[in-house]
Amino acid sequence: MKYLNLLAIQQLEGGTYTVDTVLKVIRQITDWALAVGISLAGIALVVSFIMYAVVDIEQKPRVKARITQTLLGIFGIVVAISLVNIIIRLFA
């Protein structure tokens, strides 16, 4: 890890912002995006389950597909933002 510190940029040119402040901002944005994304996906799941309970038998496969897509979307959001946070921890 000492080799990485030798090559690390300590301060960005043209301002007083350091790489650490930029990484903090990115981490805050990813945490916010994770919270908002999971909240909206939860609301979408609740609406989808209500639709599944109310909809006709012919429409149930379409609603099931929508629920599956929403769950995959939640998984994608969590994985993508987790990867960003892991990469940030490598440089912090």
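K.L.:
What should I look at first to understand the overall build of the protein in this one?
P.N.:
Along the backbone of the protein there are three helices and zero strands. Secondary structure elements of the protein occur, N-terminal to C-terminal, as α-α-α. When each of the 92 residues of the protein is scored for burial, the buried share is 14%. When contacts within the protein are restricted to residue pairs at least 6 apart in sequence, long-range pairs at least 24 apart make up 55% of them. Total accessible area computed for the protein in this model is approximately 7400 Å², and 71% of it derives from carbon and sulfur atoms.

K.L.:
Sorry if this is basic, but what is going on with the side chain of threonine 30 here?
P.N.:
Structurally, the position occupied by threonine 30 is in helix 2 (residues 19–54). Within polar-contact distance, the side chain of threonine 30 engages the backbone oxygen of arginine 27 at 2.8 Å. In this structure, threonine 30 is in contact with Ile81, Val84 and Asn85, ignoring residues within four places of it in sequence.

K.L.:
I keep staring at the packing of helix 2 against helix 3 (residues 60–91) and nothing clicks. Help me out?
P.N.:
The packing of two helices is summarised by the inter-axis angle and the distance between the axes. The N-to-C vectors of helix 2 and helix 3 enclose an angle of 170 degrees; their axes lie 10 Å apart at closest approach. With respect to helix 3, the axis of helix 2 lies roughly antiparallel. Where helix 2 crosses over helix 3, the handedness of that crossing is left-handed. Considered class by class, the residues forming the contact of helix 2 with helix 3 number 22 nonpolar, five polar and six charged.

Criteria and thresholds
- Residues numbered from 1 in each chain as written.
- Predicted model: local features only at pLDDT ≥ 70, side-chain atom pairs only at ≥ 80, totals over all residues.
- Heavy atoms only, no water.
- Helix = DSSP H or I, 4+ residues; strand = E, 2+ residues; numbered from the N terminus.
- Buried < 20%, exposed > 50% of the residue type's maximum accessible area, 1.4 Å probe, protein only.
- Contact = heavy atoms within 4.5 Å.
- Areas by Shrake-Rupley, 256 points an atom, 1.4 Å probe, with all protein chains shown as cover.
- Polar contact = N/O pair within 3.5 Å; in protein donor to acceptor, adjacent residues only side chain to side chain.
- Axes fitted to C-alpha atoms, helices over the stretch in contact; angles between N-to-C directions.
- Parallel < 35°, antiparallel > 145°, perpendicular 65-115°, else oblique.
- Left-handed = near helix turned anticlockwise from the far one by under 90°.
- Nonpolar A, V, L, I, M, F, W, Y, C, P; charged D, E, K, R; others polar.

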